[in-house]
2 protein chains.
Amino acid sequence: MPSDRTNQATALLIELPGDGRPMHARLTGAIRAAIAQGRLGPGHLLPSSRALATELGCSRWVVNEAYVQLTAEGRLETRQGSGTRVAAYPAVRTASPPAASADPEPPASHVDLRPGAPDVNGFPAAAWLRSLHHVLTDPAWSPPVFPPAAGAPRLQQTVAAYLRRARGLPVDGDDVIITCGTSHGMAAVAQVLAPAAPGVAVEDPGWFRLREVAAAAGLRTEPVTVDEHGIDVRAISRAGVTAVICAPAHQFPTGALLSPERRRALLAWASRNAATIVEDDYDAEFRYDGRPVGALAGLSRDHVVYLGSVSKTLHPGLRLGWLVPPPALRGALLAAVETSGAGPGIPEQLAFAHFVESGAYDRHLRQMRKTYRQRRDTLLHALHEHHLAVRPDAAPGIAAGLHLTLPLPSRSDEHAVVSRLAGLGVTAIPLSRYTIRPRPPALVLGFGRLPPSRAGWVAGRIAMALQSRNGTQQAERIDDRLV
Amino acid sequence: MPSDRTNQATALLIELPGDGRPMHARLTGAIRAAIAQGRLGPGHLLPSSRALATELGCSRWVVNEAYVQLTAEGRLETRQGSGTRVAAYPAVRTASPPAASADPEPPASHVDLRPGAPDVNGFPAAAWLRSLHHVLTDPAWSPPVFPPAAGAPRLQQTVAAYLRRARGLPVDGDDVIITCGTSHGMAAVAQVLAPAAPGVAVEDPGWFRLREVAAAAGLRTEPVTVDEHGIDVRAISRAGVTAVICAPAHQFPTGALLSPERRRALLAWASRNAATIVEDDYDAEFRYDGRPVGALAGLSRDHVVYLGSVSKTLHPGLRLGWLVPPPALRGALLAAVETSGAGPGIPEQLAFAHFVESGAYDRHLRQMRKTYRQRRDTLLHALHEHHLAVRPDAAPGIAAGLHLTLPLPSRSDEHAVVSRLAGLGVTAIPLSRYTIRPRPPALVLGFGRLPPSRAGWVAGRIAMALQSRNGTQQAERIDDRLV
């Protein structure tokens, strides 16, 4: 049994003992040890996550987790265009290497501001279990023997009713295809579009996952700038593409809401060019200021593939979502979902249908909207107290969602700030992680999992990281006092 | 809202009113009505399921369900090479058309012998709920915020332990990739193989789903004959392929167990040609006679992609499976699973881990093995009583699994027999549904959902269908008495 592996092909000698811990934890420990022992010195360039994953025969997720963790610890630095390197001043430099079995998780005092996930501690486990219990014991909910490719008919109908009511989409159950989430839906769309539409416009900055999925299917991605009114529709016209992926409700990470004028222009462009708009209805459920905004597909379904999921509203781990195709693409998209061989479990599909029909979903959304709004307000207030003001007019994105973008002084090195912050016990993501072309420096701060009681502390750490010219070493001393 | 649809482009005018029923039921009703009203006469050729699905903007599954249902009712006949037609003597010819809202399900007295599914009434819902409850309430089982592409580490380890113990595979947790099932795993394999291996050998007869998934990724499929010792390895060598998809433990639908000689020859072929064997470990858990047989991947993992799932052991609707790649393909296959954007929900992954670790899975398998063995024995006995003997030496496949293949007299028209059987209240599938090239006529009879109390009745119906030269009309009279 291969319980030990020594990788000899890579310049980076990594030993991953099979000690029962998950692979990402072992990889983190191995790189940490190599840095501590001086085998990897300051400035050493690490392999790309793709190259290292291939070498180790593991997922890029494993490598990315290790890199993110070690960046959070201040041991690594990631700079766009120049890869991931050992930090110039690794936060922890001890004479003896940390034991390989050292805790791979951030210390309890560490605050994780990575965006993209809800507060999973708020997951309504009891209500969810009630729904599962209901559908698994009531014969009226008995699932079909062979799972239909489009999903359980009852869930198709429930999602259609929800989309009519909450997102203004004129659909019925047959129009809805149940998926494992937004990426699964995007993979089906990419497979259908790839032969005919080699080019697809993507938001810059934007969520890299969807453009990666599109690229994996062979689509050429063309970056298009996003400003405070959303994606630049004129630039799409100039990009020579016949498809676009965008998030009109709450663009990630800028938070921009696509303006009414641009919505009309985008639909007109799609209609003129028989093009396809992939609408990622991101964070639509969590809008705090102003009126709710309907989905783009609510204005016209003819050229819009609508993608939704419960990843931000319930838990990314449920892997449950939906896709509403334009009528002309329904057959092709359903065939693509069918040959993907994948879909959520039927009991969970029916449980979600029951969860929505029983009112538990709406209750949960109301509760979480209140929680997140308070977290946003507390963080904004704390940032303001530390003269890190994010005014609503300067950052319209904060009207919704689970994160905000904090502009940095124009000459800041956002990676240095992130590295110092990591040393100070705060994981934040530099805006450049989501950009294709350069943008002014900024931090993306996810507040979905930030308890209000920690907001003041976090804002203080950010102010400290921005003021310090040698924040890392200072942070070490401060952390010593906290531990 | 598009609640009504009239399809004007197809020669087959089908109206699908949006009456709240699932689409397959509405399509079934619409075709049934068209036959009853004489708009579709005896012998009328229906569109292929692909063409009709595209026309209607629905899944092929929807059309196939409708065709299977109407074939079961004796209204349609499917013949290989000549498509699906309205039966020469539709079983039900009433003066007034059946109401559109007529029950689309088979009558209660109808027996469904379609193979490929376990008895979902045996699904251990209470034990499964206990496992779900456990993992959703015990903080020690708290899922990761972002679902890892390879699956929940705890389930990877549990599956590895199960495969070591039950299937003889020398693996640890990192070697296992969790999937939505066999087809999802096959889709990842096909995506990885397609650029380099345009040809893949497939079993003839064989389960069409895996070859469809391979073909959808652009792989050319080459049929290779299966005999009583399993797939013909010499024919694979001659086929000019560098990959093969096969089910060594219990070939579908012949039930053949790949012989030890052929196992060695297959591995030697793969080693010589740097080829890939996709091992579909079908029905391995339900072996009644003789010793359990280990997986091919247990002999050598170097060229074997192992695919497993709970579809036959628990419920196809759970959509939970796993893939064990050869070490050299691990990175590529994990990347393919990752960009598929799909995977089972983390709570269900952890619940299955708990279900196995608690011993509930083994208990369930023991219980179902006993149940299925009894069903097999009862059906064999009943067939024998009606002089439809299936001797173990003539049909080695019945040593395992959930179905058997009943050879028909050499001049029988298996489609006519299936059609007559449908009129007699029994859905069986002709062997030709799974063949690529002609084979002697046979029926595939799934006994997994056949209560022993109905076995004698079923055997009698089969004998009747084989004796009758005009079974359909006779059946109608008999059915009238039964209703």
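*Asks:* Describe the pattern of salt bridges, naming the residues involved and giving the relevant values.
*Replies:* Summed over all chains, the structure comprises 28 salt bridges over all chains. A:Arg262 is paired through a salt bridge with A:Asp227; the nearest N and O atoms lie 2.8 Å apart. Residue A:Arg262 is found in helix H9 (residues 260-273), and its partner A:Asp227 is found in strand S8 (residues 220-227); the two are separated by 35 residues along the sequence. Note on A:Arg262: relative accessible area 16%, which makes it buried. Look at A:Asp227 and you get partly exposed, because its relative accessible area is 27%. Across the pair B:Asp112 and B:Arg114 runs a salt bridge whose closest N-O atoms are separated by 3.1 Å.

*Asks:* Which residues make up the environment of A:Ser410, and what values do they have?
*Replies:* Residue and element names in this part refer to chain A. Along the chain, Ser 410 falls in the loop between strand S14 (403-407) and helix H13 (414-423). Accessibility expressed as a relative area gives 66% for Ser 410, which makes it exposed. For the pair Ser 410 and Val 304, spaced 106 residues apart in sequence, the C-alpha separation works out to 38 Å.

*Asks:* Can you explain helix H12 (residues 360-385) of chain B? Please cite residues and give values.
*Replies:* The end-to-end C-alpha distance of H12(B) is 37 Å, a good match for the 38 Å that 26 residues give at a rise of 1.5 Å each. Directly after H12(B), the chain includes B:His387, whose backbone phi takes a positive value near 60 degrees.

*Asks:* Please provide a residue-by-residue account of the nonpolar core, values included.
*Replies:* Membership of the largest hydrophobic core comes to 179 residues, with the highest contact counts inside it found for A:Phe352 and B:Phe352. When sequence neighbours within four positions are dropped, the list of residues in contact with B:Phe352 reads B:Trp128, B:Leu155, B:Val310, B:Leu314, B:Leu320, B:Trp322 and B:Tyr361. Core analysis: the second largest hydrophobic core is formed by 28 residues, A:Met186, A:Val213, A:Leu323 and A:Val337 among them.

*Asks:* Any details on the sheet that holds strand S13 (residues 321-324) of chain A? Residues and values, ideally.
*Replies:* Residue and element names in this part refer to chain A. The mixed open sheet is built from eight strands, whose spatial order is S6-S13-S12-S11-S10-S7-S8-S9. In this open sheet, the two strands that pair with only one neighbour each are strand S6 (177-179) and strand S9 (230-231). Bridging between strand S12 (residues 304-309) and S13 involves four bridges; their strand directions are antiparallel. Considered in S13, the bridge of Tyr 306 is made with Val 324. Sheet strands in contact with helix H6 (residues 182-193) are S6, strand S10 (243-246), strand S11 (276-280), S12 and S13, and its direction is about 155 degrees off that of S12.

Conventions and cut-offs
In this convention, every chain numbers its residues from 1, walking through the sequence in written order. Chain labels run from A onward and ligand labels from 1 onward, assigned in the order the entries are written. Given that this is a predicted model, residues contribute local features only at a pLDDT of at least 70 and side-chain atom pairs are listed and counted only at 80 or more, while totals for whole chains, interfaces and linings are drawn from all residues. With hydrogens and water stripped out, all remaining heavy atoms of the structure feed into the side-chain values. Note on definitions: salt bridges are taken to be side-chain nitrogens of Lys or Arg within 4 Å of carboxyl oxygens of Asp or Glu. Starting at the N terminus, helices and strands are each numbered in turn, a helix being any DSSP run of H or I of at least four residues and a strand any DSSP run of E of at least two. Throughout this description, buried means an accessible area under 20% of the type-specific maximum (1.4 Å probe, protein chains only), exposed means over 50%, and partly exposed covers the range between. What a helix should span is 1.5 Å times the count of its residues minus one. Nine residue types can take part in a nonpolar core, namely buried Ala, Val, Leu, Ile, Met, Phe, Trp, Tyr and Cys, and a core is a set of them joined through side-chain atoms within 4.5 Å. Contacts are assigned to residue pairs that have any heavy atoms within 4.5 Å of one another. Strands are treated as partners if at least two bridges between them are detected by DSSP. All axes here are fitted lines through C-alpha atoms, helices being fitted over the stretch that makes contact, and every angle between N-to-C directions spans 0 to 180 degrees.

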